[in-house]
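# Secondary and tertiary structure notes
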2 protein chains.
Amino acid sequence: MAKIPQKIQIIPLGGLGEIGKNMTVVRYGDEIIVIDCGLMFPEDDMLGIDLVIPDITYLVENQDLIKAIVLTHGHEDHIGALPFVLRQINVPVVYGTRLTLGILESRLKEANVPTTNLKPVKPGDSIKTGFFQLGFIHVSHSIADAVGLYLTTPAGTIVHTGDFKLDHTPVDHKVTDFYKLAELGDQGVLVMLADSTNSERPGYTLSERSVGLTFDETFRNARERIIIATFSSNIHRIQQAVDTACRYKRKVAVLGRSMVNVVNIAIELGYLTVPEGVLIDIDEINNYPAASIVIVTTGSQGEPMSALTRMAMSDHRKVDITPGDTVIISATPIPGNEKLVSRTVDFLLRQGAEVVYEKASGVHVSGHASQEELKLMHNLIRPKFFIPVHGEYRHLKKHARLALDLGLPKENIFIAENGSILEFSQEKGCFAGKTTAGNVLVDGLGVGDVGNIVLRDRRQLSKDGILIVVVTMDKANGGVIAGPDIVSRGFVYVRESEQLIEDARDKISQALEKCELNHITEWAAIKSNIRDMLSKYLYERTRRRPMILPIIMEV
Amino acid sequence: MAKIPQKIQIIPLGGLGEIGKNMTVVRYGDEIIVIDCGLMFPEDDMLGIDLVIPDITYLVENQDLIKAIVLTHGHEDHIGALPFVLRQINVPVVYGTRLTLGILESRLKEANVPTTNLKPVKPGDSIKTGFFQLGFIHVSHSIADAVGLYLTTPAGTIVHTGDFKLDHTPVDHKVTDFYKLAELGDQGVLVMLADSTNSERPGYTLSERSVGLTFDETFRNARERIIIATFSSNIHRIQQAVDTACRYKRKVAVLGRSMVNVVNIAIELGYLTVPEGVLIDIDEINNYPAASIVIVTTGSQGEPMSALTRMAMSDHRKVDITPGDTVIISATPIPGNEKLVSRTVDFLLRQGAEVVYEKASGVHVSGHASQEELKLMHNLIRPKFFIPVHGEYRHLKKHARLALDLGLPKENIFIAENGSILEFSQEKGCFAGKTTAGNVLVDGLGVGDVGNIVLRDRRQLSKDGILIVVVTMDKANGGVIAGPDIVSRGFVYVRESEQLIEDARDKISQALEKCELNHITEWAAIKSNIRDMLSKYLYERTRRRPMILPIIMEV
């Protein structure tokens, strides 16, 4: 029988060098635990892409070793890739807290993926699977029921903080289990992986409860309807909105598909408490005076199809913005969304609403730990080795710097990449190679079929459109029978550019004649000639570079 | 002879409800003064567009009434449309300060537009043209030689602040002319137009000099090369970089086409003072120890083709980032550029540079007045009527609110739009209709030819590409001679989607047969059939909506 291994491997497959698609493999001997399985939203240059999931080649190749997938919380960047991954590989069990699995279950059902392997766990639970002892620790985050993890093996204990902040006055009264964290640190932690999102921010992240205070003040001053836009997953934020509404004797209506969905799951599972009669249907809001209404809605990121954005553009079937409405945008723009949010704010203001949206206004707090909380986590866990996770490079670098400042030796801190294979034993930690990792792009029903070539083409098409040249040629003698016909899209406004198109057609005819004269009959060569000539000609005339697509029909 | 008019019209043609393309018409009787003539950078959905200029139909129609164009300062959003506008209309004279005209002149030369009508002015100058008395007042901004304007007419005086901040310790020692502003206010100002950019920010904007202090501290701590990225137009920032370099006995090299350009103009005109021997060519930097080098470069907005970005990506012909370099990003991201800047920061960090980039780090201050400075401006000028300008809607609204809080009656405050015609007399101010205004999109050599249809097509192409169907049909009997052939770009990766394309081809053949059976011979109808059928079919199979382009060749 094989000796008991003294090494643990940690292989991040997503979440490093990016915000999104978090996924980490922990391997001990022939056993694998996968922590989280998230998706990432497409970058601006990933044209037409719906979402991005991690490349799981490593998991496909080692499918039989997987003991479990363990989820830290229900955000998309931690569970969103599961509908795809569970179609590709068999996994004995997926562990998560009840709210996390509740949200996951509805995603899996939408995607027609079986939901039989989901096993709920509670903070404080400890589960043995193979050589692993899996433990779950309650942490505060911007979604309820979030946990950090510890995985104990004969070679040592690994702690993964999950996404966390240290909120001393959490809305659900469930303070972080400091005792458990300190106990783990005391017993000895080999490696810690910790949330780097806010590592650039000095000080502490404000408590979620501070938003409740701001809600109270805003509600007190609002004379008409109140509309609160926030992330549908932020149950505690919604709870505070509901509590404040009750305090000011207002009814609450919920708007937006994902908001309605998550609120229902949360109420059903007991994570959101709404007194009898407070919740009304959106169709009923006009039965009450404006001063008695609160609408909780999606759209805090200015998402084009969201309820708030459609209301702002007077485009929502059920709700219009009326002058006197107070709109609270209870979120800050995720990097990349700043202009979308500003645009929504402008439209709301034009409709005569009061809008509370500025960072300093106290209507949003982050769900991630700032520097002082991170330092506390480090000094509670006191790991031998440290891997900053959940961040872009500068976040990881800053978090590594924090650990260094706290006294961890430089060689014990690992700024890794997706695919890095890191090995740890009591004596030593090191990089031990790389495995396949990267982005798999999802577009419509296609998973991974859109790659660089398709994206490159979409980029060219998006800039200057396409010009198609069709020629019908005689199979027998290679002469032109019909055409060249030109069709363009996204290049010029054809009605005003007729001369340009005519001139281009003449140029193509000349090129075809030249091919015939020089006995160039091979189609690839003819198309190449046309393409090069036209490309040069159109650039001279327009300084634009449309895609040029010569098509030869043989007859 | 006509009575002397008692009314002034103010018609913004750009800059309201947006940041960019500033242009305001002031009309008194049959005389027009145009204040500024700027461009705007394209919105994210203006695919392939290079820049946006104002629709100047109003100016074209009233060309003969234009007495002058007056420029407040040399930023692109105030002068960038002139190369286009001066090609369309004749203007007797363009007034601007020397640096402003120096920058403009190089733009006009690049565009082959004559530069004979440019007349330099100095702060303190007062010029009579027709019924207008034009006056120029020095203001501080993030470019040197910026002015505010006052236009005195028999009907009253108009003050336009230009872009401004109230910097009490400006780098060029030229403090804002508070006396002139107060004098104007004392004599009576009918209308003020003022810069709304920072109207949401409480307090004061920090002095430009505070950046110099931060430079000093950073230079003191830097052991190797220092690279400062900033806006090429911010001469005072560059001056402070040069001054600090001298203090620390470092040489300065300038990198980036626009940076080199503006620095040369500024030195020539005396706006930038660089002691003998301090400036070196970029090719010489390796002749000096790292600790003796400062590079001033473009790229503070993460612009893909800029020097800093290329250095970060190891893609610059002349300069590489070396570990130990200190890079200062002396700017904050313009809304929309946040991810570009983060990406550059990450790449620089990966190359081993220290990067100073955070807002709180003191390496950048705004060039626009915050709330307390705006209030001071209002209380100096004390206009009867007020039009907030240079801002998106929420900026204008906030600025209007400020004026209200200072005691201006609501009906004397005008939140206008581009194209609004505002009329003012000593008795009354009001909206008096609208004129043509809007965006003219510039793409390559084309001005205004790319409109909604072309953009709409580019958007569809960018999302899901294009699928082209070519059929050759017999002119005589309408039968199919060749095809259907299918070519796609940006839709699927063809090598992996052969079956899908085959199936689509079968479907098209069936549709063609059906058309023949039903005696549908009109091409438009046949194409329509193909398009509808294919659109539905491809969406079922892929959940994607490529543009579908049927082409029929007749033989």
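Source: prediction; values computed, not measured.

The next point concerns the sheet that holds strand β22 (residues 439–443) of chain B. Pairing between the strands of a sheet comes from backbone hydrogen bonds, and it takes one of two forms, parallel or antiparallel. Residues and elements named next belong to chain B. Read across the sheet, 3 strands follow the order β4-β22-β23 without closing on themselves; strand pairing throughout is antiparallel. Both edges of this open sheet fall to β4 (51–54) and β23 (446–447), since each of them pairs with a single strand only. Strand direction decides the pairing type here: β22 and β23, joined by 2 bridges, are antiparallel. Bridging across to β23, D443 finds its partner in G446.

Residues and elements named next belong to chain A. Per the UniProt record, "binding site: Zn(2+) 1" (unreviewed entry) is found at H73, H75, D77, H141 and D163. A maximum C-alpha distance of 13.6 Å among these annotated residues, which run over 91 residues, shows that they cluster at one spot. Position of H141 among the secondary structure elements: in the loop between β9 (132–139) and β10 (146–153). Only 3.3 Å separates the side chain of H141 from the side chain of H75, close enough to count as a polar contact. Here D163 lies in the loop between β11 (156–160) and α5 (178–187). Here D163 is in contact with H73, D77, H78, V139, S140, H141, D195, H368 and H390, once residues within four sequence places are set aside. Side-chain polar atoms of D163 contact the side chain of H141, separated by 3.4 Å.

As a further point, take the UniProt feature "binding site: substrate" (unreviewed entry) in chain A. Residues and elements named next belong to chain A. Mapped onto this structure's residue numbering, the UniProt feature "binding site: substrate" (unreviewed entry) falls at S232, S233, N234, H364, V365, S366, G367 and H368. Mapped onto the elements of the fold, S232 is located in the loop between β13 (226–229) and α7 (235–247). The class for S232 is buried, based on a relative accessible area of 15%. Beyond its immediate sequence surroundings of up to four residues, S232 is in contact with I238, S258, M259 and V262. Among all residues touching S366, those that are not within four sequence positions of it are K165, N198, R201 and T205.

This part covers the packing of aromatic side chains. Applying the stated criterion across every chain, the model contains 16 aromatic pairs over all chains. Each ring, one from Y28(A) and one from F132(A), has its centre 6.5 Å from the other, and the planes form 80 degrees; the classification is edge-to-face. Placement of Y28(A) in strand β2 (residues 23–28) and of F132(A) in strand β9 is noted, with a sequence separation of 104 residues between them. Neither residue differs from the other here; Y28(A) and F132(A) are each classed as buried. Taking 6.2 Å as the distance between ring centres and 50 degrees as the angle between the ring planes, the aromatic pair formed by F219(B) and Y248(B) counts as tilted.

This paragraph deals with the nonpolar core. In a soluble, globular protein the nonpolar side chains are often hidden away together inside. The biggest cluster of nonpolar side chains holds 66 residues, and the ones touching the most others in it are L59(A), L82(A), V94(A) and L104(A). Of the domains in this structure, domain 1 (8–203 + 366–442) and domain 2 (209–360) of chain A are the two that each give at least three residues to this core. Setting aside its immediate chain neighbours within four residues, V94(A) contacts I69(A), L71(A), L82(A), L86(A), L101(A), L104(A), N117(A), L118(A) and K119(A). If you look at the next biggest cluster of nonpolar residues, it comprises 65 residues, including I56(B), V242(B), I328(B) and V365(B).

Moving on to the sheet that holds strand β7 (residues 118–120) of chain B. All names here are of chain B. Here we have 8 strands laid out as an open sheet, ordered β7-β6-β5-β3-β2-β1-β20-β21, and mixed in their pairing. For this open sheet the edge positions go to β7 and β21 (429–434), each flanked by a neighbour on one side alone. In this sheet, adjacent strand axes meet at a mean angle of 25 degrees when their direction is disregarded. The pairing of strand β2 (residues 23–28) with strand β3 (residues 31–35) spans 5 bridges and is classified as antiparallel. Note that in β3 the partner of V26 across the bridge is I33. Sheet strands touched by helix α4 (residues 98–110): β6 (94–96) and β7. Its angle to β7, the strand with the most contacts, is close to 160 degrees.

Facing 66 residues of chain B, the contacting portion of chain A comprises 66 residues. Both sides of the chain B and chain A interface together cover about 5600 Å² of buried area, and 56% of this is carbon and sulfur. Applying the counting criterion to the chain B and chain A interface returns 13 salt bridges. A salt bridge links K398(B) to E358(A); the nearest nitrogen and oxygen atoms lie 3.7 Å apart. Where chain B packs against chain A, one counts 18 residue pairs in polar contact (both at pLDDT 80 or more). When residues of the side of chain B that touches chain A are traced back to their parent elements, those giving at least two are α10 (338–350), α12 (393–405), α13 (452–464), β24 (466–473), β25 (480–489), α15 (523–542) and β26 (547–554) of chain B.

This brings us to the side chain of H73(A). All names here are of chain A. As for its position among the elements, H73 is in the loop between β5 (66–70) and α2 (76–79). Under the relative-accessibility criterion, H73 is labelled buried at 0%. At 3.0 Å, the side chain of H73 forms a polar contact with the side chain of T72. Side-chain polar atoms of H73 contact the side chain of H75, separated by 3.3 Å.

What follows concerns the environment of K527(B). Residue and element names in this part refer to chain B. Tracing the chain through its elements places K527 in helix α15. Overall, the relative accessible area of 26% leaves K527 in the partly exposed class. Here the alpha-carbon distance between K527 and L149, two residues 378 residues apart in the chain, equals 60 Å. With residues near it in sequence (within four places) discarded, K527 still touches P550 and I552.

A common way to state how big an interface is: give the accessible area lost once the parts meet. All names here are of chain A. Segmenting chain A into domains produces domain 1 (8–203 + 366–442), domain 2 (209–360) and domain 3 (452–554). Computed over C-alpha atoms, the centres of domain 1 and domain 3 are 52 Å apart. Taken residue by residue, the interface counts 6 residues in domain 1 and 4 residues in domain 3. Counting the surface lost from both domain 1 and domain 3, the interface buries some 390 Å², and carbon and sulfur atoms represent 65% of this. Where domain 1 packs against domain 3, one counts 0 salt bridges. Where domain 1 touches domain 3, the interface holds 2 residue pairs in polar contact (both at pLDDT 80 or more). Split into classes, the residues belonging to the side of domain 1 that touches domain 3 amount to 4 nonpolar, 1 polar and 1 charged.

Each copy of the sequence occupies a distinct position, and chain B is placed on chain A by a rotation of 180 degrees and an axial shift of 0.0 Å, giving an RMSD of 0.0 Å. Put plainly, the chains are arranged around a two-fold axis. Residue S462(B), judged by its C-alpha, is the member of chain B lying nearest the rotation axis, at 2.4 Å.

A few words on the pairing of strand β14 (residues 251–255) of chain B. Residues and elements named next belong to chain B. Counting buried positions over the 5 residues of β14 gives 4, a clear majority of the element. As paired elements, β14 and strand β16 (residues 293–297) share 5 bridges and run parallel to each other. Paired with L255 across the bridge in β16 is T297. In this sheet, strand β15 (residues 279–280) lies alongside β14 in parallel orientation, the contact comprising 2 bridges. Across the sheet, the residue bridging to A253 is I280, located in β15. In the classification by handedness, the crossover that spans β14, the intervening helix α8 (residues 257–269) and the parallel β15 is right-handed.

This paragraph deals with helix α7 (residues 235–247) of chain B. Residues and elements named next belong to chain B. Across its 13 residues, α7 extends 18 Å between first and last C-alpha, which sits within 8% of the 18 Å expected from 1.5 Å per residue. Within α7, 10 of the 13 residues are buried, which leaves the element mostly enclosed by the surrounding structure. All of the buried residues along α7 are I235, H236, R237, I238, Q239, Q240, A241, V242, T244 and A245. Check the buried side of α7 and you find it contacts α4, α6 (209–221), β13 (226–229), β14, α8 and β16. Following α7 by one or two positions, K249 adopts a phi angle in the positive range, close to 55 degrees.

Right, let's talk about the pattern of salt bridges for a bit. Scanning the model with the defined rule gives 58 salt bridges over all chains in all. A salt bridge links D346(A) to R394(B); the nearest nitrogen and oxygen atoms lie 3.0 Å apart. Remark: R394(B) occurs in helix α12 and D346(A) occurs in helix α10 (residues 338–350); the pair is interchain, linking two chains. Classification of D346(A) by relative accessible area gives buried; the value is 9%. Residue R394(B) is classed as buried on the basis of its relative accessible area, which comes to 9%. The partner of D443(A) in a salt bridge is R544(B), with the nearest N and O atoms 3.5 Å apart. With D443(A) in strand β22 (residues 439–443) and R544(B) in the loop between α15 and β26, this pair bridges two chains. The pair D443(A) / R544(B) is uniform in exposure class, with both members buried. When salt bridges that share partners are traced, they join D464(A), R544(A), D443(B), D449(B) and R458(B) into one network.

Thresholds applied
- Just so you know, the residues in each chain are numbered from 1, in the order the chain's sequence is written.
- For this description, chains carry letters from A and ligands carry numbers from 1, given in the order in which they are written.
- Since the coordinates come from a predicted model, pLDDT governs what is reported: local features require at least 70, and pairs of side-chain atoms require 80 or more to be given and counted, while whole-chain, interface and lining totals use all residues.
- Water and hydrogen atoms were dropped before computing side-chain values, which therefore reflect all heavy atoms in the structure.
- Two strands pair under a simple rule: DSSP has to find at least two bridges between them.
- Secondary structure elements follow DSSP: runs of H or I no shorter than four residues count as helices, runs of E no shorter than two count as strands, and numbering proceeds from the N terminus.
- UniProt positions are given in the numbering used here, feature names are shortened, and annotations may be inferred rather than shown by experiment.
- Nitrogen and oxygen atoms within 3.5 Å of one another constitute a polar contact, given that in protein one can donate a hydrogen and the other can accept it, and given that sequence-neighbouring residues count only through two side-chain atoms.
- A contact between two residues is defined here by any heavy atoms of the two lying within 4.5 Å.
- Think of it in three bands: with a 1.4 Å probe and only protein chains considered, a residue is buried below 20% of the maximum accessible area for its type, exposed above 50%, and partly exposed in between.
- Working definition: rings of Phe, Tyr and Trp (its six-membered ring) pair if their centres are within 6.5 Å, and the pair is stacked with planes under 30 degrees apart, edge-to-face with planes over 60 apart, and tilted otherwise.
- We call a set of buried residues a nonpolar core when its members are Ala, Val, Leu, Ile, Met, Phe, Trp, Tyr or Cys and they connect through side-chain atoms within 4.5 Å of each other.
- By convention here, the domain bounds are inherited from an automatic or database domain assignment.
- Angles here are taken between N-to-C directions and fall from 0 to 180 degrees, while the axes themselves are lines fitted to C-alpha atoms, restricted in helices to the stretch in contact.
- Simply put, the buried area is the total loss of 1.4 Å probe accessible area from both parts when two parts are fitted together.
- Just to be clear on terms, a salt bridge is a Lys or Arg side-chain nitrogen sitting within 4 Å of an Asp or Glu carboxyl oxygen.
- Charged residues are taken to be Asp, Glu, Lys and Arg, nonpolar residues to be Ala, Val, Leu, Ile, Met, Phe, Trp, Tyr, Cys and Pro, and polar residues to be all remaining types, Gly included.
- What sets the superposition is a least-squares fit of C-alpha atoms, and only residues with pLDDT of at least 70 in both copies go into it.
- Handedness of a crossover: with both strands directed away from the viewer, a clockwise path from the first strand across the helix to the second marks it as right-handed.
- To estimate how far a helix should reach, multiply one less than its number of residues by 1.5 Å.

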